[in-house]
Amino acid sequence: AIFVELHIKPGQMDAFLPLMQENATASKTTEPGCHQFDVVQSDADDNLILLYETYTDRAAFEAHMQTVHFAKVDQETADMVAEKIVHTGLLV
């Protein structure tokens, strides 16, 4: 399981959100190892996006990070993100 905290720069959410939603949809529909990819906007902080992703294993996550859609969203949103914190763990 992957948990990502994305602190979006003020005024960038309207541009950021459709790109991240496109990435989530592409991940779920084209990657057999991606089982879940949720994009959640925080109730407490309008500039905080939380991602919850689950993959079959570490190799499936590594494959995700090599996809064209991941590279595209990573590049297109780089200037919109103030801070990115990634947490990984195992479902128990």
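The preceding data block contains the structure.
For clarity, every value in this text was computed on a predicted model and none was experimentally measured. (Residues numbered from 1 in each chain as written. Predicted model: local features only at pLDDT ≥ 70, side-chain atom pairs only at ≥ 80, totals over all residues. Heavy atoms only, no water.)

## Here we look at the environment of Leu-17
Now for step 1: Mapped onto the secondary structure, Leu-17 falls in helix α1 (residues 13-30).
Now for step 2: In sequence terms Leu-17 and His-35 are 18 residues apart; their C-alpha atoms lie 21 Å from each other. (Helix = DSSP H or I, 4+ residues; strand = E, 2+ residues; numbered from the N terminus.)

## Digging into the packing of aromatic side chains
Two aromatic rings are characterised by how far apart their centres lie and by the angle between their planes.
Now for step 1: Within the structure shown, the criterion is met by two aromatic pairs.
Now for step 2: Here the aromatic rings of Phe-3 and Tyr-52 are separated by 5.2 Å at their centres, their planes lie at 40°, and the arrangement is tilted. Taken as a pair, Phe-3 in strand β1 (residues 2-8) and Tyr-52 in strand β3 (residues 48-55) lie far apart in primary sequence, 49 residues in all.
Now for step 3: Among the residues examined, Tyr-52 registers a relative accessible area of 22% and is labelled partly exposed.
Now for step 4: For the ring pair Tyr-55 and Phe-61, a centre distance of 5.4 Å and an interplane angle of 55° mean the geometry is tilted. For the pair formed by Tyr-55 and Phe-61, the shared burial category is buried. (Phe/Tyr/Trp six-rings, centres within 6.5 Å; stacked < 30°, edge-to-face > 60°. Buried < 20%, exposed > 50% of the residue type's maximum accessible area, 1.4 Å probe, protein only.)

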